Amino acid sequence: MQIFIDFAHGQELSKALGALEEEDKAVAEEYIDFLLTNELAFYCSSLEEYNSFPAIDTSWDDAASITNAVFEIDDPNNITHILKSISDLYIPCVQLIIHFSIDNLEVFSKQIKMFNDVSNKTLQILFRNHGEFSIGDLLAFSAAHPKIELMIAFGSKENLWQETNNTSIILSTQNDYGSDYCGIVQAAYFNFKLSHYTESLAHNTCLNRKISIDTKGNIKNCPSMKESFGHISNTTLAEAIEKSSFKNYWNITKDQVSVCRDCEFRHICTDCRAYLDNPDDPYSKPLKCGYNPYTCEWEEWSTHPMKRQAIQHYQLNFLNA
Amino acid sequence: MVLILSASNDVSTDYVIEWFRHYKIPCIRLNERDTGNILASVEFRNGKQFIALNIKGQPISMDDITGVWFRRSTITFTSALSAHRKKEDALAWQIAALLDRENRVLTEFIATKLSTINALNNQLNYNTNKLLTLMYAQEVGLKIPHTLIATVKDDIRNKLGNADSEIITKPIQDIFWLNYSGTSRAQYTAALSEYSQIPDRFYYSLFQERIEKKYELRIFFIEEKFYACAIFSKATEGRNVYQDGKMVRMVPFSISNTLKEQLVRLSSLCKLNSGSVDLMVDKQGDCYFLEINPVGQFGYISKECNYHLDQKIAKFFQHEPVQQ
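Thresholds, definitions, all that
- Residues numbered from 1 in each chain as written.
- Chains lettered and ligands numbered in written order.
- Predicted model: local features only at pLDDT ≥ 70, side-chain atom pairs only at ≥ 80, totals over all residues.
- Heavy atoms only, no water.
- Helix = DSSP H or I, 4+ residues; strand = E, 2+ residues; numbered from the N terminus.
- Buried < 20%, exposed > 50% of the residue type's maximum accessible area, 1.4 Å probe, protein only.
- Contact = heavy atoms within 4.5 Å.
- Areas by Shrake-Rupley, 256 points an atom, 1.4 Å probe, with all protein chains shown as cover.
- Lys, Arg positive; Asp, Glu negative; His and termini not counted.
- Charge placed at Lys NZ, Arg CZ, Asp CG, Glu CD.
- Salt bridge = Lys/Arg side-chain N within 4 Å of Asp/Glu carboxyl O.
- Buried area = accessible area lost by both parts, 1.4 Å probe.
- Polar contact = N/O pair within 3.5 Å; in protein donor to acceptor, adjacent residues only side chain to side chain.
- Nonpolar A, V, L, I, M, F, W, Y, C, P; charged D, E, K, R; others polar.
- Pairing = 2+ DSSP bridges.
- Axes fitted to C-alpha atoms, helices over the stretch in contact; angles between N-to-C directions.
- Disulfide = S-S within 2.5 Å.
- Expected span 1.5 Å × (residues − 1).
- Arc of directions from axis to C-beta.
- Core = buried A, V, L, I, M, F, W, Y, C linked by side-chain atoms within 4.5 Å.
- Domains from an automatic or database assignment.
- pLDDT = per-residue confidence, 0-100.

Caption draft 1: Region of interest: the overall build of chain A. When you go through chain A residue by residue, the secondary structure sums to 10 helices and 10 strands. Viewed in the frame of its principal axes, chain A has a C-alpha envelope of about 70 × 45 × 45 Å. Here chain A holds 321 residues, and the buried ones make up 44% of them. Long-range pairs, those at least 24 residues apart, make up 61% of the contacts in chain A between residues at least 6 apart in sequence. On chain A, roughly 17200 Å² of surface is accessible, and the fraction owed to carbon and sulfur atoms is 51%. Of the charged side chains in chain A, 25 are positive and 44 negative; the average position of the first set lies 8 Å away from that of the second.

Caption draft 2: Summary view of the pattern of salt bridges. Under the criterion given, the structure shown has 20 salt bridges over all chains. Residue Lys214 of chain B pairs with Glu49 of chain A through a salt bridge whose shortest N-O separation is 3.0 Å. One end of the pair, Lys214 of chain B, is in strand β14 (residues 213-222); the other, Glu49 of chain A, is in helix α4 (residues 47-51), on a second chain. Overall, Lys214 of chain B belongs to the buried group, its relative accessible area being 18%. Bridged by salt links that share partners, the residues Lys213, Glu216, Arg218 and Asp278 of chain B form one connected network.

Caption draft 3: Fine view of the environment of Thr215 of chain A. Within the fold, Thr215 of chain A resides in the loop between β7 (210-213) and β8 (219-220). Among residues more than four places away in sequence, those in contact with Thr215 of chain A are Glu72, Asp74 and His99 of chain A.

Caption draft 4: How the structure looks around the interface of chain A and chain B. Of the residues lining the interface, 23 residues belong to chain A; the matching set on chain B comes to 24 residues. Interface area for chain A against chain B, summed over the two sides, is near 1800 Å², with a carbon-plus-sulfur share of 51%. It is Glu39, Phe53 and Ala63 of chain A that lose the most area in chain A upon contact with chain B, and together they represent 26% of the buried surface on that side. Summed over the shared surface of chain A and chain B, the number is two salt bridges. Here chain A is connected to chain B by 10 residue pairs in polar contact (both at pLDDT 80 or more). Secondary-structure elements contributing two or more residues to the side of chain A that touches chain B are α4 and α8 (194-202) of chain A. Residue composition of the side of chain A that touches chain B, by class: 11 nonpolar, six polar and six charged.

Caption draft 5: Representation of the environment of Gly47 of chain B. Residues and elements named next belong to chain B. Note on placement: Gly47 falls in the loop between β3 (39-45) and β4 (48-55). Exposure remark for Gly47: the relative accessible area of 78% places this residue in the exposed category. Measuring from C-alpha to C-alpha, the distance between Gly47 and Gln208 comes to 52 Å, with 161 residues separating the pair along the chain.

Caption draft 6: Looking closely at the sheet that holds strand β5 (residues 58-61) of chain B. Residue and element names in this part refer to chain B. If you walk across this open sheet you meet the three strands as β3-β4-β5, and the pairing is antiparallel. A strand with exactly one partner marks an edge of an open sheet, and here the two such strands are β3 and β5. For this sheet the average axis-to-axis angle between neighbouring strands, irrespective of direction, equals 15°. Note: β4 against β5, four bridges, orientation antiparallel.

Caption draft 7: Representation of the state of the cysteines in the model. One pass over the structure, following the stated rule, counts zero disulfides over all chains. Of the cysteine sulfurs around Cys269 of chain A, a residue in no disulfide, the closest is that of Cys289 of chain A, at 6.2 Å. Cys287 of chain B supplies the cysteine sulfur nearest to Cys270 of chain B, a cysteine that is in no disulfide, at a spacing of 16 Å.

Caption draft 8: Looking closely at helix α5 (residues 257-269) of chain B. Residues and elements named next belong to chain B. The terminal C-alpha atoms of α5 lie 18 Å apart, and with 13 residues this matches the ideal 18 Å at 1.5 Å per residue to within 8%. Here α5 has its buried residues at Leu259, Gln262, Leu263, Leu266 and Ser267. Angularly, the buried residues of α5 cover 130° about the axis, an arc narrow enough to put them on a single face. Seen from the open side of α5, the exposed residues pointing more than 90 degrees away from its buried face are Asn257, Thr258, Glu261 and Ser268. The first or second residue beyond α5 is Lys271, which carries a positive phi of 55°.

Caption draft 9: Geometry of the nonpolar core. Residue and element names in this part refer to chain A. Ranked by internal contacts, the top residues of the largest apolar core, which has 42 residues, are Leu96, Phe108, Phe115 and Ile125. Considering every element that reaches this core, the biggest residue donor is helix α5 (residues 79-89), with five residues. Those residues in contact with Leu96 that sit more than four places away from it in its chain are Phe71, Ile73, Ile112, Phe115, Leu123, Gln124, Ile125 and Leu126.

Caption draft 10: Broad picture of the domain arrangement of chain B. Assigned domains within chain B: domain 1 (2-124), domain 2 (146-209) and domain 3 (213-316). Computed from C-alpha coordinates alone, the two centres of domain 1 of chain B and domain 2 of chain B are separated by 37 Å.

Caption draft 11: Molecular detail of the confidence of the model for chain B. Residue and element names in this part refer to chain B. Taken residue by residue, chain B gives an average pLDDT of 87. The fraction at 70 or more is 90%. Taken element by element, chain B is modelled with least confidence in strand β16 (residues 242-243), mean pLDDT 50, and with most confidence in α5, mean pLDDT 97. Confidence drops under pLDDT 50 across residues 236-242; counting only partners more than four residues distant or on other chains, this segment forms 26 contacts. Scored below 50 in pLDDT, residues 320-324 shows 10 contacts in the model against residues more than four places distant or in partner chains. Among the prediction metrics, the complex's ipTM stands at 0.89, with pTM recorded as 0.89.

Caption draft 12: Main features of the pairing of strand β5 (residues 160-163) of chain A. Residue and element names in this part refer to chain A. Sheet analysis places β5 next to strand β6 (residues 168-171), joined by four bridges and oriented antiparallel. When the sheet's bridge partners are listed, Gln162 is paired in β6 with Ile169. Count of turn residues in the β5/β6 antiparallel hairpin: four residues.

Structural data, given as structure tokens:
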């Protein structure tokens, strides 16, 4: 369809259709019909009117120098340090991957309340459901903490999912979580927002303007990446960002990644640079994606013979256990 | 320091402030509760005025203010004595009335003074007179829908035509919110229904020919830069962002040079250096002016058309030319 639209651009429709072979013309008419019935197009009464609809500007920018952060925490005492990092950089979106035990929601509530005083706008919380909290417990918890937009309770007794206006609560029976489990590409993660699309055209949709601190206190691009840019005991986040290779992955776009560059979903998709089909090639396709754009089929990536070597390389063998 | 007069629930201000921070432009945000009696003293001396302000408990000289964004709220002055107005005491009432006049002079002076410092808008022009605006639109050569203000039923039929469905009615001034039984309702534009039930005489009401619209244009402007958005909605006037559960389609639009020149003249007649203009394009492609608003929402135009307006407003205060 894009080819036809490009071809017909600025021409009178009847002329554009007239220039086509009978067979192509039938297809083009089908396209036009589709665009009109779905209210994706309308007829202009003049070339002047047509020309007053310019292509949309596809540039992307954000006021925040770091737009999102992932903090792995295994000790609640580290929260103070995280709060300082958020304030220093005005990070708007924060994800906490919590490894300490949450047995009591009242105690946890006091810890999360501290985020009310810093500048982040949203908070996602991933944790283990030690306390066997119900979806109702967690809904009530998130209602009391308006910054929470997502809570995932791993190791729950059942798989349940509930969404309110501002929050998604997920109970998952999946037992393990954290860095090894990140990076999965699937249709459920597609993002149709214009800002995601424009960011994707020029930047990496996972790592651009992201920062993270892993359980050991290493400052990284994301907890799953190997490279550390310093330890929080002797490096500030601002210093880590200024290190020469910190932004290396920020501008790797899908148009540069092999296979992805041919994929129709590339600019609404997520990405992963931590687990790759070819671990030696930073432009390789995400390992945990099973989509084949040449056959338009989704396959199970974790058992795919072509991916076995890479899975072993990253020691993700638990997948096949 | 840039002074921002906003409202606590205005999210657009939040986004602009993020860009202020990005460009390291110092600013102070005043919401509706912070804008009262901000003047500490004014001194007229040696051919100059020395104005000391007290903003959120912080002493600031007017000379330190480098820009003002009149976004929502207004500088106000109120005296504790105003409360006496409700009492049955004729003298207290008159004194309160006197203080009201004093306050009006103070407000006008401070607002005018602020509006001369690299200001976006001016609170003294917040309330555009809808009828004057229509007149200005005519003066600059914009088409407007055939409009009538009348008190007699026969005038509607005689002056605007017959078919009830082709006439709409709306408030002479701006949208007015009515609060009753715990709910708020706005007076939006409505099609004139059941002509036969209209009384023969009524109080001044506004009627307009209904334009068969193809799409609407909402145009945000900062000085002479215009950011237009075409809105495809079936509603009488596309104020609803959602329709049948779907997002209303909004796409970038580029206005002709003629229209641009007309709008530049219109905004100058309305004394607005920023705001948004509503227009309607009919089935024949003719463009009709509806209204101009000094403090309209621009967030969704910016988001849907990717105009980066938050950033552009911040840049206005950076003394850098705004890029189209």
